[in-house]
Structures are given as C-alpha cells and as structure tokens.
Amino acid sequence: MMEHLPILPILVSLIGGLLLLLPPFTGIERYVNRRIAALFLCLLQIAVAIALMAKVIDAGPIMYAVGNWQAPFGIILYADSLAALLVLLTGFLGLASTLYSFAGTDREGRYFHPIMQFQLMGITGAFLTHDLFNLFVFFEVLLIASYVLLVHGGGKQRTQANVHYVILNLVGSAIFLIALGTLYGTTGTLNIADMSLKISTLSEGEQVLAKVGGMMLLVVFGLKAAMLPLHFWLPNTYSAATAPVAALFAIMTKVGIYSIFRVFTVIFGEGAGALSNMVLPWVWPLAILTVIVGTIGVLASPNLRNIAANTVLISVGTLLMAFSIRSPEASGAAFYYALHSTLISAVLFMLADMIGQQRGKAFDRFVIAKKVTQPTLLGALFFVAAMVVVGLPPFSGFIGKVVVLQSAATGLDKALVWSTVLISTLLTIIALARAGTTLFWRHAGESANSEDESASVWQVVGVVLLLMASPIMAIFAAPITEYTAMAAAQLHDVRLPVSVLQLQGGQ
Amino acid sequence: MELLYSLCVGVMTFSGVFLCLRGRTFPVVMGLMMLGYAVNLFLFSTGRLSLDGAAILGKSETYADPLPQALVLTAIVIGFAMTAFAVILSMRARADLGNDFVDGKEPPGRPKQSVSRWSSKQ
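Residues numbered from 1 in each chain as written. Chains lettered and ligands numbered in written order. Predicted model: local features only at pLDDT ≥ 70, side-chain atom pairs only at ≥ 80, totals over all residues.

A. Just the overall build of chain A, in detail. When you go through chain A residue by residue, the secondary structure sums to 20 helices and two strands. Computed over the C-alpha atoms, the radius of gyration of chain A is 22 Å, within 12% of the 23 Å expected from 2.2 N^0.38 for a compact globule of 507 residues. In chain A, buried positions account for 59% of the 507 residues. Contacts in chain A between residues far apart in sequence, at least 24 positions, make up 78% of those at least 6 positions apart. (Helix = DSSP H or I, 4+ residues; strand = E, 2+ residues; numbered from the N terminus. Rg over C-alpha atoms; globule rule 2.2 N^0.38 Å. Buried ≥ 20, exposed ≤ 12 C-beta atoms within 10 Å, placed from the backbone. Contact = placed C-beta atoms within 7 Å.)

What follows is the structure, encoded as structure tokens:
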C-alpha cells in the first residue's frame, strides 16, 4: 500500500467522484448522502496528503512509475516536498469549499460534488506528475471540471464569462500541444527530468526549436497563472463564479505558477546550457507589471468580488517576482507566500458572497444599501481577512511578504521588489478600508430582521477554517519556512529527480 | 512529402486562428476544431515522417516512433470532448444571452441585422 502512496491523492478523488455518480448518491432528494460522502472524501484526501508529506519528509522525494513502466518511457509521478505541500493545500481548500457549499450552493445543480472531486483530481494530478504530456492531460481534466463548475448555478453573467474562459483555454491547450510537439521533436522525451538532461546536449539548430517550445510553454502557463498580458479573463471569470467555486479557483492560478517554477527551474534552469534562464528577461518585467495592474484593479473595483479577483493578480505578480530572483531562498519564500495567498483569496471570495447575501439587491457592490443583518460577525471576519490580505502583523500575510522582500538580495532587485510590493500593499489597504467602510457603515436605514438571510453555519465554518490557517501559519512560521526552504532546495537541485528516477546518464 | 505536410498544417492553423478571431460563436467553434486538427497533425509529425514504418518491433525494416501516435490519440479524444462542450456552451449562450456573439452583445456601430433564421422570434 505504502509504495502506491504518490498516486493515492489522485485515485481518492477519481474513484470518489465516480462513486458520487452512482445510485445511492444521485437524485435531487438524496443530497444529504452526497454531502456526507463528499465530506468524507475531502477528509480522506487530506489524510492521504498528510501521509504523503510525512513520507516525503522522512525519505526524501519519491517516484511512482504508473503501470511499472520505468522512466523515461512510462509516465512518472514524482512527489517531492513542493508537490506534497501543494497537494495538502489543495485538499484543505477543497474541504473548506465543500463545507461552504453545504449552505445551499451544492443544491443548485445535481453534480456539484462529483465535479468538485474531478476538479481536485485534476489539480493534484498536475502537481504530482513529472511528465509534460501527462501535465497536459491533467490540465485538461482540471479545465473541463472548471468549465462546468463555473456555470454552476446558471445565469447570464456566468454563461458569458464561461464562453470567454472556455475559448481562451481551448486555444491555450492547442498552444500547449504545439509546444510539447516541438520539445518532443528536439529532445525525444517528455519526462521532465530526462528532458533536463537532454536539453544541454542539443545542437545549435535544435536549440532554437527548443527555445520556441519553451517560450510557448511560458505562454500557456502564463495564461493559466494570469500573467500580465494574459490576465484579462481572470477578474470577470472569478467574480462570476459562485463563492465556493471561486474559492477553489484561487488555487488554479497557482497550478500555472507551479508549472512555471517546475519547468523553468528543472528544464530551462541553470543546467540548460545556452538556454538557461531564457524566460527571465520576459517574466521579470511582466511580474512587476502584473502587480501594478492588479493594484490598479483593486483600486478601481466596483465590488468586493472584483477586489478579491484582483488580489489574486497581485499575488501572482509577487510570486513571479520571487521566481525571477532565481535563488532557492526566493523560491522558498514564494512557496510560503503561495500558501498564504491561496487561502486568503479563497476567504475573500467567500466573505464577498456572505456579505452580499445580506445586502439585498446591491449584493457586494460599493453603494449605499441596506444594513447587513450580522454586522459583528461579518465585520470581524472581514477585518481579520483584510489584515491578512494586506499583510499586517500578526498574521501570515506579514510573514509572507517579509520573506519575499528579504529574498531579494542585490541592489536593483531589492529596489524594484520592495517598492512594488510596498506601494501595492499601501494601495490595497486604502481600497480595503474604503470597501469595509462602505459595506458596513454606510447603509440606508435599519435592516429588516429576517432570519433566513443570516449566514449559514456551514458558511461560517468554511471561512473560519481558512481564516484560522493564517494565525497558525504565523505561529508555526519557523517550521513552515524551513519546510518550504527544503522544498525549494529540492526543486533547484536539478540532479535530484534524475537520481530518484534512476535515469541513464545521471551520474 | 515534408513540404506538403507542413503546408497543410500551416494553412489549417491559419484558418483556425482566423476563424477564432471572428465575432460569433459558430465560426469560433469551427476555428477551434480546425486548430485542433492542425495541432494533431503537427504532433503526429514530431516523430519524423516516414513511409512504411511499423510502430511495433519485428514487423518491418523501418520503424516509426510510436509515442507521437499515442499522444495524437489522446489529443484527439480530449479535443473531441472539448469541442462537444464548446458546442453545447455556445448553444446555451445563444439561449441565455439572446444572440450568438462571443461578447454576448452586438458590436456597437453595426447596422441592426435582420432577424436571423436562428432567432426564436419568427
């Protein structure tokens, strides 16, 4: 059983999702069965993820050859500290989203929970695989699940946002395949570790082709991660989705970021000869611009969901900046920041929904509307969430930003990173303060006390679960940063996967 | 053979990209299909083009790389499912939004079109 551990996180949600489509769980009236099963699956997923993480901490990175086809011929799953950490994060976010959806979102359509499981399967698969074509397949799995989840609940705005999202991602998939074809044609392999060996031995003509392939991969991952010129889909899509779906989508951009880290560190990293770090001249300015555009977006947002979507953009930009510094310390800082920003973005989407429910037609727009029914509860949650997202002590946002700032070593890097991050933080504080004032203090008359509007217990549980992670991450910052530093060291050690996969020529 | 092959892939990609940039969902879906075909052909050629090459050992003198063929099969299946989804979604968008534009509304400055034959208001 233990040797199959790396594939278990994928199997749990695959088989679980399929089971949820079978008779005991189908039908409108049997939603309670579905809920219990979905909750159980999420907990199981977290348990498996923790077991995987413990194994990885204990024994170092492990590989799993699917069907026992050895590398570089078969598909290899490769669980190192980074993959295990992100799988655990996915499981945790899945649990919180599922809990939140129990408030009623999951009853708007019959297949919410199965599709949620397939979505989790796609995300965990993308984190665990070490084969570029398999990465494409898992991207498609998570995309088709996300297409369905996005229209969940129906309505004009969602259909509209989904048309754009689907078309963009289908074009993205086509580019992904062309990039894979080019890379396979030149290096003759699809295994990431194997390709990292082959890439430095290419002839000059092949290097050009490999460079084209690599740049196209950057376009695809940039589209998923919402890197600057490819970010236009994100605010609309995320603010159109239902709250638990938007919360889960908070990790989808991180899949793109993870792929950028993995591919452009291992394949096109230090050891790639003439092609080493070829994307840096592009990613570095685009990262800064992404933060700037995200900050302007936060200031210009007409509603809270849009603010949340734009904070996702800011976090993407910050992560790409940390990527561009290209040191293991910066990568480790980025992983800590990725954990924090994923969780807090999810919280913001959920809070926007809870606040909106109590403000009648205005929903979460910043206009004068009726008073929220539970100002103390929602106000307290919003206040804490805002402190976390802008990065005020004593929460994880503060530590996340400090580690990222500290990792910028040299003069120019330091000046750019510090000024961008700090100015963006200041402007986000202003935008969130304005948002909070309008949402909670500027209201027309007293609210009619109707019980049905107050936030459901499930919603509060989901939000508090995610929000609690922030002080916990701050209290246990030392072990967590140690872990992310180890993950970064494993990622930057290009020879490590080669020896774990026992590839030829790895000596 | 190489020239003909690459010309075909190029023309199909061109048509696909052109159709994807149109304003209505039908040509865009056609464009995506076209792009998908072009990509599949391209992927097939990454194992190098050869005549009479077998993909199984011991069946012939020359061998073709079997991996791109497996990749193409996977890509075809995925592309098929995605196209089906895109078609259904466009029909849903036509019903929900009242027109078949990708942006969900008539582009401004365009003369009002006569009621199309797909319209429900006949």
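We are not done yet, so read on.
B. Fine view of the overall build of chain B. From N to C terminus, chain B includes three helices and zero strands. In chain B, which comprises 122 residues, the share counted as buried stands at 25%.

C. Structural view of the environment of Pro-27 of chain B. Residues and elements named next belong to chain B. As for its placement among the helices and strands, Pro-27 is situated in helix α2 (residues 25-45). Between the C-alpha atoms of Pro-27 and Leu-7, which are 20 residues apart in sequence, the distance is 22 Å. When neighbours within four sequence positions are excluded, Pro-27 is seen to be in contact with Leu-19 and Arg-22.

D. Summary view of the UniProt feature "transmembrane region" (unreviewed entry) in chain B. All names here are of chain B. Residues given the UniProt feature "transmembrane region" (unreviewed entry) here are residues 6-21, 28-47 and 67-89. The distance from the first to the last C-alpha atom of residues 6-21 is 23 Å, and the span holds 94% helix and 0% strand. In the segment residues 28-47, helix accounts for 90% and strand for 0%; the C-alpha atoms at its two ends are 30 Å apart. (UniProt positions renumbered as here; feature names shortened; annotations may be inferred.)

E. Representation of the pairing of strand β2 (residues 76-79) of chain A in the model. Residue and element names in this part refer to chain A. Side chains Ile-76 and Tyr-78 project from β2 onto one buried face, and the interleaved Leu-77 and Ala-79 project onto a second face that is buried too. Pairing analysis gives four bridges linking strand β1 (residues 62-65) to β2, with the strands arranged antiparallel. Across the sheet, residue Ala-65 finds its bridge partner in β2, namely Ile-76. (Pairing = 2+ DSSP bridges.)

F. Representation of the nonpolar core within the structure. In terms of nonpolar packing, the biggest core is built from 215 residues, with Ala-247, Val-347, Leu-351 and Ala-385 of chain A touching the most fellow members. In terms of residues, this core owes the most to one element, helix α14 (residues 328-357) of chain A, which gives 19 residues. (Core = buried A, V, L, I, M, F, W, Y, C linked by C-beta atoms within 7 Å.)

G. Seen up close, the environment of Leu-426 of chain A. Residue and element names in this part refer to chain A. Looking at the element boundaries, Leu-426 is found in helix α17 (residues 411-440). Its 12 C-beta neighbours within 10 Å are what place Leu-426 among the exposed residues. When the C-alpha atoms of Leu-426 and Gln-70 are compared, they prove to be 52 Å apart, with 356 residues separating the residues in sequence.

H. The packing of helix α3 (residues 81-101) of chain A against helix α4 (residues 112-128) of chain A, seen in detail. Residues and elements named next belong to chain A. It is at 9 Å that the axes of α3 and α4 come closest, and there the two elements cross at 165 degrees. Considering their axes alone, α3 and α4 lie roughly antiparallel with respect to each other. Relative to α4, α3 is oriented so that their crossing is right-handed. In contact with Ala-83, Leu-86, Val-87, Thr-90, Gly-94, Thr-98 and Ser-101 of α3, α4 contributes Phe-112, Met-116, Leu-120, Ile-123, Thr-124, Phe-127 and Leu-128. Of the residues belonging to the contact of α3 with α4, the class tally is nine nonpolar, five polar and no charged. (Axes fitted to C-alpha atoms, helices over the stretch in contact; angles between N-to-C directions. Parallel < 35°, antiparallel > 145°, perpendicular 65-115°, else oblique. Left-handed = near helix turned anticlockwise from the far one by under 90°. Nonpolar A, V, L, I, M, F, W, Y, C, P; charged D, E, K, R; others polar.)

I. Representation of the packing of helix α9 (residues 233-240) of chain A against helix α13 (residues 304-325) of chain A within the structure. Residue and element names in this part refer to chain A. Where α9 contacts α13, the axes come no closer than 9 Å and their chain directions differ by 135 degrees. Here α9 is positioned oblique relative to α13, judged by the angle of their axes. α9 and α13 meet at a crossing whose hand is right-handed. In contact with Leu-234, Pro-235, Tyr-238 and Ser-239 of α9, α13 contributes Arg-305, Asn-306, Ala-309, Asn-310, Val-312 and Leu-313. Its residues placed into classes, the contact of α9 with α13 shows six nonpolar, three polar and one charged.

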